[in-house]
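This is what each chain is made of:
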Amino acid sequence: RIQILFEMELVVAYGSETGTSQAVAEHLVRESEYRGIKPILLPMNELSVEALQKKQLAAFICSTTGDGEEPRNMKVLWRSLLRRSLRPNTFTNLNFAVLGLGDSSYAKYNYVAKRLYRRLQNLGGRAMMELGLADDQHPQGSDYLTFTWVTTYFTNLSTHLGVALPRTYTLLPPWCTFTVTQQEPRDKVSRDIPRDEPQAVWDKDHPFRGHVVSNQRVTSEKHFQDVRVIGLDISGSNITYSAGDIVWIYPENDKDSVQRAADLLDLNLDSVVDFKDSPIPDHIPRRVLMRDLLTYYLDIRTLPTRFFFELSANFVTDELEREKCEEFASVSILPLYDDVHSGLV
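Quick caveat: nothing in here was measured; it's all calculated off a predicted structure.

Peer 1: Which residues make up the packing of aromatic side chains, and what values go with them?
Peer 2: All chains considered together, the criterion is met by seven aromatic pairs. Ring centres 6.3 Å apart and planes at 70° place the aromatic pair Tyr296 and Tyr297 in the edge-to-face group. As far as the burial class goes, Tyr296 and Tyr297 line up, both buried. Members of the aromatic cluster, connected to one another through ring pairs, are Trp149, Tyr153 and Phe154. The cationic tip of Arg35 hangs over the ring face of Phe154; the distance from NZ or CZ to the ring centre is 4.2 Å. Looking at Lys108, its charged tip hangs above the ring of Tyr111, at a distance of 5.2 Å from the centre.

Quick look at the structure:
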């Protein structure tokens, strides 16, 4: 069980379009809990200027989307921060840090993070460290910079608080709980896969179900990047778009992969999963068949994350396997971790 050692809350706010910045923010939250600090995790749109004025510690993690634009779940707060009525002493009590995630091959590399950092300073906030800029083009990948930024952040926070912040690792309580029961009549179990009923506003939680009509590769077969032009039929949706907009794709896992996952985990595909009041993404039904959960909602073929290895180290019984899990979860092993993911070893 985590022991909270400080009453002062750390606000961890993220602006994320595809989930990468949110994942980094969640990593920062876990590392805060390991050090006895009480974190609050939320998208920036849920943080008002008035609420931020009452905070003393805040860390912002954000990406840049489109042509130097802020992510959608950051736009509300950003517009509030640009109000001319805000005075230079608005955030005199705030000690903040900003980490941007971007790609230096683009002209407006980490443009949003740079603007946010300057704006917070102009409104009286005190930067606890230099602006962090994670770059996909870094030789060791953007993960290396995010991991080192998090470590540096706690070094600076320790100095600010005047106390040591040792990392005491312990297994955190689950953020989601559920029960599994035997099969019920299918009409009593939700199977809320994306459909195309009439909808006033289409978004990632209420998607329009378009169809792929073309898929053409535009780079040479010898080029290291597989870049494609994909044509989608969105007739009847009234959707408009411009360069830089994002398409969300809802894939399905094939039957063989679902069956193999069920066999490995000893799951009954005809059982019912009930999440009750647990916090889950909006698009996942509260009650769902195990088969549908594995087919439509869980990425069972994804590459394992470092956090996956960190958690796995708590459950493996073989000592060598535990050591390997701990190595893959460590920042010192990043190059090897990336090589494994890219198939080089």
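Peer 1: Tell me about helix α1 (residues 20-34), and name the residues and values.
Peer 2: Over its 15 residues, α1 extends 22 Å from the first C-alpha to the last, a length consistent with the 21 Å expected when each residue adds 1.5 Å. Count one or two residues on from α1 and you reach Gly36, which has phi positive near 80°.

Peer 1: Tell me about the sheet that holds strand β10 (residues 272-274), and please be specific about residues and values.
Peer 2: Taken in spatial order, the three strands of this open sheet run β7-β10-β11, and their pairing is antiparallel. Edge positions in the sheet fall to β7 (179-181) and β11 (287-289), since each has one partner strand and no second. The sheet shows a mean angle of 25° between the axes of neighbouring strands, direction not considered. Sheet analysis places β7 next to β10, joined by three bridges and oriented antiparallel. Bridge pairing links Thr179 to Asp274 in β10.

Peer 1: Now, about the environment of Ala113: what can you tell me, with residues and values included?
Peer 2: Locating Ala113 in the fold gives a position in helix α4 (residues 111-122). Considered as a pair, Ala113 and Leu131 are 18 residues apart in the sequence and their alpha carbons are 8.0 Å apart. Once you skip the residues sitting within four places of it in the chain, Ala113 turns out to touch Cys62, Val98, Gly100 and Leu131.

Peer 1: Break down a nonpolar patch on the surface for me, citing the residues and quoting the values.
Peer 2: Together, Val212, Ile230, Leu232, Val247 and Ile249 give the surface a local cluster of nonpolar side chains, amounting to about 500 Å² of exposed area. Overall, the relative accessible area of 55% leaves Val247 in the exposed class.

Peer 1: I'd like a description of the confidence of the model for the chain, backed by residues and values.
Peer 2: Here the chain shows a mean pLDDT of 85. Residues at 70 or above account for 87%. Predicted confidence is poor over residues 192-196, with pLDDT under 50, and the contacts of this stretch with residues over four places away or in other chains come to 14 contacts.

Peer 1: Tell me about unusual backbone geometry, and please be specific about residues and values.
Peer 2: In this model, Asn110 sits at a positive phi of 50°, which is unusual for a non-glycine residue. Topologically, Asn110 is positioned in the loop between β4 (95-102) and α4. When its relative accessible area of 1% is taken as the criterion, Asn110 is described as buried. With a phi angle near 50°, Lys276 is a residue other than glycine that sits in the positive phi range. Relative to the elements of secondary structure, Lys276 occurs in the loop between β10 and β11.

Peer 1: Just give me the short version of the nonpolar core, but keep the residues and values in it.
Peer 2: Core analysis: the biggest nonpolar cluster contains 25 residues, and Met44, Leu47, Phe60, Leu81, Phe91, Val98 and Leu116 have the highest contact counts within it. When residues of this core are traced back to their parent elements, those giving at least two are β1 (6-15), α2 (49-53), β3 (57-63), α3 (75-81), β4 and α4. Here the element with the most residues in this core is α4; it accounts for five residues. Counting 23 residues, the second largest nonpolar core, distinct from the first, contains Ile37, Val150, Tyr153 and Leu165.

The rules behind each value
Residues numbered from 1 in each chain as written. Predicted model: local features only at pLDDT ≥ 70, side-chain atom pairs only at ≥ 80, totals over all residues. Heavy atoms only, no water. Phe/Tyr/Trp six-rings, centres within 6.5 Å; stacked < 30°, edge-to-face > 60°. Buried < 20%, exposed > 50% of the residue type's maximum accessible area, 1.4 Å probe, protein only. Lys NZ or Arg CZ within 6 Å of the ring centre and 35° of its normal. Helix = DSSP H or I, 4+ residues; strand = E, 2+ residues; numbered from the N terminus. Expected span 1.5 Å × (residues − 1). Pairing = 2+ DSSP bridges. Axes fitted to C-alpha atoms, helices over the stretch in contact; angles between N-to-C directions. Contact = heavy atoms within 4.5 Å. Patch = residues over 30% accessible without salt bridge, like charges linked within 9 Å, V, L, I, M, F, W, Y side chains within 5 Å. Areas by Shrake-Rupley, 256 points an atom, 1.4 Å probe, with all protein chains shown as cover. Salt bridge = Lys/Arg side-chain N within 4 Å of Asp/Glu carboxyl O. pLDDT = per-residue confidence, 0-100. Core = buried A, V, L, I, M, F, W, Y, C linked by side-chain atoms within 4.5 Å.

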